[in-house]
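# Coordinates in review
One-letter residues, chain by chain:
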Amino acid sequence: MQRVGFGYDSHRFAEGRALVLGGVRIEHDRGLEGHSDADAALHAVTDAVLGALALGDIGSLFADTDPRWKGADSAVFVREAVRRAGEKGFAVANCDVTVLAEAPRLAPHRDAMRRSIAAALGVAPNAVSVKAKTNEGMGWIGRGEGVAALAVVMMETPE
Ligand code: MG
């Protein structure tokens, strides 16, 4: 059996924060604001996994008021979502992620992000796709106010 899940997330840029996307630390003059490490890509992936099995969402599982998640590595959220899906008999087949950011340029980090997301999902890197786009200068993403990420995950039971 197969189930598909979709996730979306966005975070605002802030001074004095590290920029972490897809579990990869990226050099930039600003990072993303958030309770955890604010990794919008891993948050979208987490919601996609949870969504595939209708297991709720990242906010209900990992409250942003919980001190346990302050500054947390968001790979923890991905792994917990995968573990919960596993309890339902499902494993990740593949994952496709799109990150929207006007800056910095993410293409040079794409393969590192693929490997990192794959490790968090417990799959081979060739089961993970990462695409990076600007927003062509339009809207809040285009003005460099923050980053958005979208993810689709296919989950399957063993043959
Ligand atoms: Mg988030």
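This text follows the structure it describes.
Given the structure is predicted, the values throughout are model-derived calculations rather than measurements. (Residues numbered from 1 in each chain as written. Predicted model: local features only at pLDDT ≥ 70, side-chain atom pairs only at ≥ 80, totals over all residues. Heavy atoms only, no water.)

### Here's the deal with the overall build of the protein chain
Put simply, the test is: A helix here means a DSSP run of H or I that spans at least four residues, while a strand means a run of E at least two residues long, and both kinds are numbered starting from the N terminus. Using C-alpha atoms as the atom set, the radius of gyration is obtained and then compared with a globule rule of 2.2 Å times the number of residues to the power 0.38. For every residue, the accessible area (1.4 Å probe, protein chains only) is compared with the maximum for its type, and the residue is labelled buried under 20%, exposed over 50%, or partly exposed between those bounds. Contact definition: two residues touch when any of their heavy atoms are within 4.5 Å. To measure how exposed things are, a 1.4 Å probe is used in the Shrake-Rupley method; for residues, cover is taken only from the protein chains shown. Note on charges: Lys and Arg go in the positive column, Asp and Glu in the negative column, and His and the chain ends are not counted at all. For this purpose, a charge sits on NZ of Lys, CZ of Arg, CG of Asp or CD of Glu.
Regarding its fold elements, the protein chain presents five helices and seven strands. Radius of gyration (C-alpha) of the protein chain: 15 Å, near the 15 Å computed for a compact globule of 159 residues. Counting all 159 residues of the protein chain, 48% fall into the buried class. Contacts in the protein chain between residues at least 24 apart in sequence constitute 71% of all its contacts with a sequence separation of at least 6. Within the structure as shown, the protein chain displays about 7900 Å² of accessible surface, and the carbon and sulfur contribution to it stands at 50%. The centroid of the 18 positive side-chain charges in the protein chain is displaced by 2 Å from the centroid of its 21 negative side-chain charges.

### Observations regarding the sheet that holds strand β7 (residues 146-156)
Counted only if it meets this: At least two bridges found by DSSP between two strands is the condition for calling them paired. To define axes, lines are fitted to C-alpha atoms, for helices over the stretch in contact only, and angles between the resulting N-to-C directions are given on a 0 to 180 degree scale.
Read across the sheet, five strands follow the order β4-β1-β7-β5-β6 without closing on themselves; strand pairing throughout is mixed. If you trace the sheet from one side to the other, it starts and ends with β4 (31-32) and β6 (128-133), each paired once. Of the strand pairs in this sheet, strand β1 (residues 2-14) and β7 are connected by 11 bridges, and their pairing is antiparallel. Considered in β7, the bridge of G5 is made with V153. Most of the contacts of helix α1 (residues 40-52) go to β1, to which it runs at about 155 degrees, and overall it touches β1, β5 (91-100) and β7. Where helix α4 (residues 110-121) meets the sheet, it contacts β5 and β6, and its direction lies at approximately 140 degrees from that of β6.

### Section: the side chain of T98
Along the chain, T98 falls in strand β5. Ignoring anything within four residues of it in the chain, the contact list for T98 reads K131, K133, A148, A149 and L150.

### Thoughts on the coordination of the magnesium ion
Each pair of donors in an ideal four-coordinate tetrahedral metal site encloses 109.5 degrees, whereas pairs in an ideal six-coordinate octahedral site enclose 90 or 180 degrees. Basically, it comes down to this: Donor criterion used throughout: N, O or S atom within 2.8 Å of the metal, extended to 3.2 Å for Na, K and Ca. Water excluded; incomplete-looking sites may result.
Note on the magnesium ion: its protein donors are D9 (OD), H11 (NE2) and H43 (ND1). The metal-donor distances range over 2.1 to 2.2 Å. The sequence pattern describing where the donors of the magnesium ion fall on their chain is D-x1-H-x31-H. Of this pair, D9 sits in strand β1 while H43 sits in helix α1, and the two are 34 residues apart along the sequence. Residue D9 is classed as buried on the basis of its relative accessible area of 17%.

### A few points about unusual backbone geometry
Look at the link from A103 to P104: it is a cis peptide, with omega at 0 degrees. Examined against the element boundaries, P104 turns out to sit in the loop between β5 and α4. In this structure, A38 takes a positive phi of about 65 degrees despite not being glycine. Even without glycine at this site, E136 takes up a positive phi of about 55 degrees. The exposure class assigned to E136 is exposed, which follows from its relative accessible area of 65%.

### Describing the pairing of β1
Sheet topology note: the β1/β4 ladder contains two bridges and is antiparallel. Bridging across to β4, F13 finds its partner in L32.

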